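Summary of the model geometry
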Amino acid sequence: ATPAEEKDLVIIGGGVAGYVAAIKAGQEGLKVTCIEKRGALGGTCLNVGCIPSKSLLNNSHLYHTVLHDTKNRGIDVEGVKLNLANMMKAKETSVNSLTKGIEFLFKKNNVEYIKGTGAFADEHTVAVRLMDGSETSVRGKNILIATGSESTPFPGLTIDEKKVITSTGAIALEKVPKKMVVIGGGIIGLEMGSVWSRLGAEVTVVEFLGQIGGPGMDAEISKNIQKTLTKQGMKFMLNTKVVSGDDSAADSVKLEVEAAKGGKNQTLEADVILVAIGRRPYTANLNLEGIGLETDTRGRLVIDSEYRTKIPHIRCIGDCTFGPMLAHKAEEEAVAVVEFMTKNYGHVNYNAIPSVMYTHPEVAWVGQNEAELKEAGVKYKVGTFPFSANSRAKTNQDSDGMVKFLADADTDRILGVHIVGPNAGEMIAEGTLALEYGASTEDVGRTSHAHPTLAEAFKEAAMATYGKAIHY
Ligand code: FAD
Ligand code: NAI
């Protein structure tokens, strides 16, 4: 293998973090190479994460609506059938066109794309095992590690992606399971649990903590969505720990569960078990040890505020380092890290990164929740507005949920926005902008919102924080 010319930037990983940094670097005129081993760009998010899961969430919601929610709308339908193979095809079509789109953007921005697995040969050289089996190497003035994350395994259960699955199996099952038990009531558990519940599976979610939704979700909002998901048919076992599993039978799996605080064991049996207990950074086989880079106790590469590892020209962003494991967080970091390289400044506001759970209704939040404010000893006030008092939600016959503002008790500055309701994932953009600009709830409440829209619930919740809502 002959080493090529030295690049300004070599990126290991073509996920959201890596591919966005590559495009940005190309736009800034850097000579850039991106190495990706999976054979397609877009990483976890595009290939087995955000995009395929949202395709299935959208189409399973439509199916569920057509089955259960048309008569009262004056639409009589008959002979509704699930065609799972075609639902999966629709998902694949979206994924394929989007990954091809990134390849096009690479060409447009002069990014060199190498299909293969990269590992450090030395501090400036990445050795690449190409997908065709041959080898090459690339030298970089700067190197960016963007190798992402993988799902955390459950000790004692072997992932076969058929009977014991992670999210990757959960977006590709060939038939609807009769019974599915989900270990972990976080975002993956609730999103993928929703999909299979809507398609007909009996879904039980076992969660160690006293609330569902994973880290960050406000407790009141979590209770609210749990009630709605329960109405939709999902079952929940909270404060319950899965202690062990037995996957030795051919077509069923047994789990031992016990009360989180100790107590009597119980056995659950299902034909499919979804392991959704979190994700962990993925940095295997990079030869980090060879160049003296270390990870912390949770496997994250340690970086400074400019994304530098202790070797200053090697930086790291996305799921394999600190912060929430979210695609849009990776994307912000990708732009900032290139700006640090080219201009010596870059900016990500980690206090204003929204979270969205794409169940129906959606849950979305930004900023701090009540428990976090209490723990920090911040004096705050609360304003809420239910979608059941919003005209658009009522006409759409889709009015479960609420908007909730948390604002500084003295200054009225917005500290957090929490929404459970139709379109919460789009609506949170307004909350994020307000938080980013340091708005008060009165700023939002005195801003005209079109009628009749769901966004009026957002305005009225703001009004309820500094004064009174009109319609509730
Ligand atoms: P990744 O996307 O994991 O990309 C890393 C890439 O590096 C991979 O493609 C990998 O093949 C490659 N790689 C690793 N090692 C090497 C190597 N040595 N050489 C070459 N290539 C290598 N986030 C959201 O914001 N919204 C969502 O709706 C959402 N939904 C999700 C649904 C699911 C089911 C899952 C699992 C995740 C979801 N996420 C979502 C999280 C999101 O996918 C991640 O935060 C995001 O993909 C992180 O981007 P990344 O580039 O850091 O890592
Ligand atoms: P998570 O961290 O959101 O939730 C895991 C849950 O499992 C926690 O509530 C935890 O208490 C519970 N748990 C852990 N061990 C357990 C045990 N032994 N028994 C019972 N419960 C147990 O992790 P999840 O859902 O796997 O998702 C991983 C990450 O992927 C998310 O944190 C998020 O960063 C990303 N993601 C984002 C999405 C989005 O933005 N819409 C969608 C899907 C994933």
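All values reported here derive from a predicted model rather than from experimental measurement.

**Notes on the packing of helix α3 (residues 50-68) against helix α4 (residues 84-108)**
Viewed as axis vectors pointing N to C, α3 and α4 meet at an angle of 145°, and their least axial separation amounts to 9 Å. Every pair of crossing elements has a handedness; the one defined by α3 and α4 is right-handed. For the pair α3 and α4, the contacting residues are Ile51, Pro52, Ser55, Leu56, Asn59, Ser60 and Tyr63 in the first and Met87, Met88, Ala90, Lys91, Val95 and Leu98 in the second. Broken down by class, the residue content of the contact of α3 with α4 amounts to nine nonpolar, three polar and one charged.

**Some remarks on a nonpolar patch on the surface**
Nonpolar side chains collect at one region of the surface, where Val66, Ile75 and Val77 lie side by side and expose about 200 Å² of accessible area between them. Tracing the backbone shows Val77 in the loop between α3 and α4. Here Val77 falls in the partly exposed class, since its relative accessible area comes to 35%.

**Considerations on the layout of surface pockets**
What the second largest pocket holds in volume is close to 400 Å³. Around the second largest pocket, the lining comprises 17 residues; the ones closest to its centre are His61, Asp69, Gln232, His360 and Asp398. Counting only elements with at least two residues in the lining of the second largest pocket, the list comes to α3 and α7 (219-231). The dominant element in the lining of the second largest pocket, judged by the number of residues it contributes, is α3, at four residues. Here the residues of the lining of the second largest pocket sort into one nonpolar, ten polar and six charged.

**A short note on the packing of aromatic side chains**
Here the structure, examined in full by the defined rule, presents four aromatic pairs. Geometrically, the ring pair formed by Phe106 and Tyr113 is edge-to-face, given 5.9 Å between the ring centres and 85° between the ring planes. Residue classification places Phe106 among the buried residues on the basis of a relative accessible area of 1%. With 5.0 Å between their ring centres and 65° between their planes, Phe405 and Phe458 make a pair best called edge-to-face. Taken together, the residues span a long stretch of sequence, with Phe405 in strand β20 (residues 402-408) and Phe458 in helix α14 (residues 455-466) at a distance of 53 residues. We note that Phe405, like Phe458, is buried.

**Topic: the pattern of salt bridges**
Per the stated rule, a full pass over the model turns up 23 salt bridges. The partner of Asp400 in a salt bridge is Lys231, and the shortest N-O contact between them spans 3.4 Å. Note that Asp400 is positioned in the loop between α11 (391-395) and β20 and Lys231 in helix α7, a separation of 169 residues in sequence. Since its relative accessible area comes to 30%, Asp400 is described here as partly exposed. Using a relative accessible area of 64% as the deciding quantity, one classes Lys231 as exposed.

**Here we look at the environment of Asn86**
Structurally, the position occupied by Asn86 is in helix α4. Given the relative accessible area of 41%, Asn86 is considered partly exposed. Along the chain, Asn86 and Cys34 lie 52 residues apart, while their C-alpha atoms are 33 Å from each other.

**Quick word on the state of the cysteines**
One pass over the full model with this rule turns up one disulfide. Between the sulfur of Cys45 and that of Cys50 lies a disulfide, 2.2 Å long from S to S. Its torsion about the S-S bond being -130°, the disulfide of Cys45 and Cys50 is classed as left-handed. Take Cys45: its relative accessible area is 16%, and that puts it in the buried class. No disulfide involves Cys34; its sulfur sits 13 Å from that of Cys320, the nearest cysteine. Take Cys320: it sits in no disulfide, and the sulfur closest to it among the cysteines is that of Cys316, at 3.5 Å.

**Comments concerning the sheet that holds strand β10 (residues 235-237)**
Taken in spatial order, the five strands line up as β7-β14-β8-β9-β10 in an open sheet, and their pairing is parallel. Taken across any chain shown, the strands that pair with only one partner, and hence form the sheet edges, are β7 (164-165) and β10. As judged from the three bridges shared by strand β9 (residues 202-206) and β10, these two strands associate in the parallel manner. Its bridge partner being in β10, Thr204 is matched across the sheet by Lys235. Across the sheet, helix α6 (residues 187-198) touches β8 (179-183), β9, β10 and β14 (272-275), and the angle it forms with β9 is around 165°.

**Examining the pairing of β20**
Counting buried residues in β20 gives seven out of seven residues, a clear majority hidden from the surface. Pairing analysis gives seven bridges linking strand β19 (residues 380-386) to β20, with the strands arranged antiparallel. Note on β20: the bridge partner recorded for Thr384 is Lys404. Across six bridges, the pairing between β20 and strand β21 (residues 414-421) is antiparallel. Its bridge partner lying in β21, Val403 is registered against Ile419. Hairpin connection of β20 to β21: five residues between the antiparallel strands, including Asp412 at a positive phi of 70°.

**Describing the site of ligand 2**
Within the structure, ligand 2 sits among 26 residues, and Ile188, Glu207, Gly278, Met325 and Val356 are positioned closest to it. One nitrogen or oxygen atom from the side chain of Glu207 is found 2.6 Å from an oxygen atom belonging to ligand 2. Looking at the shell around ligand 2 element by element, the count peaks at four residues for α6. Residue composition of the shell around ligand 2, by class: 15 nonpolar, six polar and five charged.

**Concerning the sheet that holds strand β18 (residues 362-367)**
Here we have five strands laid out as an open sheet, ordered β17-β18-β21-β20-β19, and antiparallel in their pairing. Whereas interior strands pair on both sides, the edge strands pair on one side only; in this sheet they are β17 (355-357) and β19. On average, each strand axis in the sheet is inclined to that of its neighbour by 10°, with strand direction left out of account. Across six bridges, the pairing between β18 and β21 is antiparallel. If you follow Ala364 over to β21, its bridge partner there is Ile419. Each of β17 and β18 is contacted by α6, which is oriented at about 30° to β17, the strand it contacts most.

Calculation notes
- Residues numbered from 1 in each chain as written.
- Chains lettered and ligands numbered in written order.
- Predicted model: local features only at pLDDT ≥ 70, side-chain atom pairs only at ≥ 80, totals over all residues.
- Heavy atoms only, no water.
- Axes fitted to C-alpha atoms, helices over the stretch in contact; angles between N-to-C directions.
- Helix = DSSP H or I, 4+ residues; strand = E, 2+ residues; numbered from the N terminus.
- Left-handed = near helix turned anticlockwise from the far one by under 90°.
- Contact = heavy atoms within 4.5 Å.
- Nonpolar A, V, L, I, M, F, W, Y, C, P; charged D, E, K, R; others polar.
- Patch = residues over 30% accessible without salt bridge, like charges linked within 9 Å, V, L, I, M, F, W, Y side chains within 5 Å.
- Areas by Shrake-Rupley, 256 points an atom, 1.4 Å probe, with all protein chains shown as cover.
- Salt bridge = Lys/Arg side-chain N within 4 Å of Asp/Glu carboxyl O.
- Buried < 20%, exposed > 50% of the residue type's maximum accessible area, 1.4 Å probe, protein only.
- 1 Å grid on protein atoms, 1.4 Å probe; cavity = no way out; pocket = protein on both sides within 12 Å on 5 of 7 lines; lining within 4 Å.
- Points joined across faces, edges and corners; volume = space filled by probe spheres on them.
- Phe/Tyr/Trp six-rings, centres within 6.5 Å; stacked < 30°, edge-to-face > 60°.
- Disulfide = S-S within 2.5 Å.
- Pairing = 2+ DSSP bridges.
- Near = heavy atom within 4 Å.
- Polar contact = N/O pair within 3.5 Å; in protein donor to acceptor, adjacent residues only side chain to side chain.

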